[in-house]
Amino acid sequence: IVASAAVHWPVSWMMFIDLLKGYAIRDKVFGNFKLPALFVVMLLPLIFHGAGRFSLDALLKAIRSRGETQPNADALAWSIVLLALGVPLSMLMPALGLALAGTGVLLAIASRWVRS
């Protein structure tokens with residue numbers, strides 16, 4: 001919302017119709033605030049429904065509810081962090097990204113193996 005108001009809206013506007021002119025994709029006169037509006041719309045389900053069952057919050061909640069010991073929970077959390085950093089980074093620097101993702105997977109397997 002701040003980005004839309006500060007950067008993407010026109011500098012001077014008198015009526016609401018002037019703001020709607022900025023919704024078109026063009027580089028002249030009015031800014032384009034379609035992307036910030038899309039981000040606000042994508043944020044609404046997170047606000048009203050939460051992150052969901054595949055989120056890091058749900059995983060950590062499940063770990064806490066099982067009473068898992070702290071070292072295994074930390075190793076699993078670090079493995080998720082390494083995997084989340086490694087996958088996108090592998091597109092820019094394949095060797096480093098795949099090394100981080102592989103380390104994350106190995107750490108997740110090791111944390112499960114040590115627990116059982």
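Residues numbered from 1 in each chain as written. Predicted model: local features only at pLDDT ≥ 70, side-chain atom pairs only at ≥ 80, totals over all residues. Heavy atoms only, no water.

### Digging into the overall build of the protein chain
Here comes step 1: Counting its regular elements, the protein chain contains six helices and zero strands.
Here comes step 2: Ordered by position from the N terminus, the helices and strands of the protein chain form the series α-α-α-α-α-α.
Here comes step 3: Counting only residues that meet the buried cut, the protein chain has 19% of its 116 residues in that class.
Here comes step 4: A separation of at least 24 residues holds for 37% of the contacts in the protein chain among residues at least 6 apart in sequence.
Here comes step 5: Just so you have it, the protein chain exposes about 8900 Å², and 73% of that area is on carbon and sulfur atoms. (Helix = DSSP H or I, 4+ residues; strand = E, 2+ residues; numbered from the N terminus. Buried < 20%, exposed > 50% of the residue type's maximum accessible area, 1.4 Å probe, protein only. Contact = heavy atoms within 4.5 Å. Areas by Shrake-Rupley, 256 points an atom, 1.4 Å probe, with all protein chains shown as cover.)

### Considering the confidence of the model for the protein chain
Here comes step 1: Per-residue confidence for the protein chain gives a mean pLDDT of 76, with 67% of residues at or over 70.
Here comes step 2: Taken element by element, the protein chain is modelled with least confidence in helix α2 (residues 16-20), mean pLDDT 68, and with most confidence in helix α6 (residues 94-115), mean pLDDT 87. (pLDDT = per-residue confidence, 0-100.)

### Considering the side chain of S111
Here comes step 1: Counting through the fold element by element, S111 comes out in helix α6.
Here comes step 2: Under the relative-accessibility criterion, S111 is labelled buried at 6%.

### Description of a nonpolar patch on the surface
Here comes step 1: A contiguous nonpolar patch, built from L43, L44, L46, I47 and F48 and spanning about 520 Å² of accessible area, is present on the exposed surface.
Here comes step 2: Relative to the elements of secondary structure, L46 occurs in helix α3 (residues 34-49). (Patch = residues over 30% accessible without salt bridge, like charges linked within 9 Å, V, L, I, M, F, W, Y side chains within 5 Å. Salt bridge = Lys/Arg side-chain N within 4 Å of Asp/Glu carboxyl O.)

### Things to note about the side chain of S79
Here comes step 1: Of note, S79 is situated in helix α5 (residues 70-92).
Here comes step 2: A relative accessible area of 3% means that S79 is categorised as buried.
Here comes step 3: Non-local contacts of S79, meaning those with residues more than four positions away in its chain, are made with G104, L107 and A108.

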